[in-house]
Amino acid sequence: TVGGATTINAQGNTIALDYVFLNDKNSFTGSVSLIGRTATLASANNLMLGASTISGDLTVNSSGVVTQNGTLSVNGATTINARSDAGQLYDINLTDISNNFSGAVSLRGQNVSIGSGALKFGQTSVSGNLAVDAGGDVAQTGLVIVNGTTTLNAGTNDITLTNAYFNDAVSLTGNNVSLSNNKSLKLNTSHVNGNLTIHADGSVTQSGALEVRGVTTVSATYSGTATKYDINLSNNNQFIGPVTLTG
């Protein structure tokens, strides 16, 4: 148990603060800053990450909300699990756009907000809303599941998420955007500077207007069969380039 700030500099070695004894975990009241090769951190309550530099993988398990007050730089994979032993999920708020996640980022929590340069999702499960603010491309290596709304802002960079379950409305801001949903898809207000490619294993609808400057391709077909679904994009949309629809 630490009442103030915690700073651990392992000078290129492993940091392992994942000790659990009789359900008793670490408790950090102040921010936790880490410098090392790989780092594993467990917390019994809310966790605030301070400025940290990890040359390998970072793994965080928190029975509380995960936030930050310093920039995170992780060269390997990042795994953030905001879930108690009883199954209670908590928010993850890592919104510093200066964060640098070089490897895949896997997230599990209630509402999740994350800022980064380029961002590559690993296996991710969000029971509430997901908000992404990226200064580079947004891509994935693992399945992304979001039960609430999804907001993806990649600025002038690309978004490529072709294996997902988005259960509520999705807002997109980027250059070229490719999105594939393993069920029906609802699009919210979106701004696409380049091409927009949408595939859904169900109907495609919208709750906000779309602005697409390049080519728009929308497919509402189930890839396992010949089944086709409805496409209803009847808002005040702006399609500058050609539009191809399959449904």
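Small disclaimer: the values here were computed from a predicted structure and weren't measured.

Our focus in this paragraph is the overall build of the protein. Looking only at helices and strands, one finds 0 helices and 31 strands in the protein. The buried share of the protein, taken over its 247 residues, is 45%. Across the protein, contacts joining residues at least 24 apart in sequence account for 23% of those joining residues at least 6 apart. In the protein, the 9 positive side-chain charges and the 13 negative ones have mean positions that sit 6 Å from each other.

It is worth spelling out the environment of Asn235 at this point. Structurally, the position occupied by Asn235 is in the loop between β29 (216–220) and β30 (238–239). Residues contacting Asn235, with those up to four places away along its chain left out, are Gln206, Ser207, Gly208 and Ala209.

The next point concerns the pattern of salt bridges. Taken as a whole and assessed by the stated rule, the structure comprises 1 salt bridge. Linking Glu211 and Arg213 is a salt bridge whose minimum nitrogen-to-oxygen distance equals 3.5 Å.

This next bit is on the side chain of Ser180. Secondary-structure assignment places Ser180 in strand β23 (residues 177–181). On the accessibility criterion, Ser180 (13% relative accessible area) is buried. When residues no more than four places from it in sequence are discounted, the contact partners of Ser180 are Leu161, Thr162, Asn163, Ala164 and His199.

In this section: the pairing of strand β26 (residues 196–200). Residues of β26 alternate between two faces, with Leu196, Ile198 and Ala200 buried on one and Thr197 and His199 left unburied on the opposite face. Pairing of β23 with β26 involves 5 bridges; the strand directions are parallel. Within β26, the residue paired with Asn181 across the bridge is Ala200. The pairing of β26 with β29 spans 5 bridges and is classified as parallel. Bridge pairing in β29 places His199 opposite Ser219.

What follows deals with unusual backbone geometry. Here the phi dihedral of Gln11 falls at roughly 45 degrees; this positive angle occurs in a residue that is not glycine. Mapped onto the fold, Gln11 is located in the loop between β1 (6–9) and β2 (15–17). Classification of Gln11 as exposed rests on a relative accessible area of 68%.

Ranked by internal contacts, the top residues of the largest apolar core, which has 55 residues, are Phe121, Val132, Phe166, Leu172 and Leu179. Sorting elements by how many residues they give to this core places strand β21 (residues 159–166) first, with 4 residues.

Time to look at the pairing of strand β10 (residues 78–82). Of all 5 residues making up β10, 4 are buried, and the element is well covered by its neighbours. Pairing between strand β7 (residues 58–62) and β10: 5 bridges, direction parallel. Paired with Ser62 across the two strands is Ala82, which belongs to β10.

This part takes up the side chain of Thr216. Structurally, Thr216 is set in strand β29. With a relative accessible area of 1%, Thr216 lands in the buried category. Apart from residues lying up to four places away in sequence, Thr216 is in contact with Leu196, Phe239, Pro242, Val243 and Thr244.

Analysis parameters
Residues numbered from 1 in each chain as written. Predicted model: local features only at pLDDT ≥ 70, side-chain atom pairs only at ≥ 80, totals over all residues. Heavy atoms only, no water. Helix = DSSP H or I, 4+ residues; strand = E, 2+ residues; numbered from the N terminus. Buried < 20%, exposed > 50% of the residue type's maximum accessible area, 1.4 Å probe, protein only. Contact = heavy atoms within 4.5 Å. Lys, Arg positive; Asp, Glu negative; His and termini not counted. Charge placed at Lys NZ, Arg CZ, Asp CG, Glu CD. Salt bridge = Lys/Arg side-chain N within 4 Å of Asp/Glu carboxyl O. Pairing = 2+ DSSP bridges. Core = buried A, V, L, I, M, F, W, Y, C linked by side-chain atoms within 4.5 Å.

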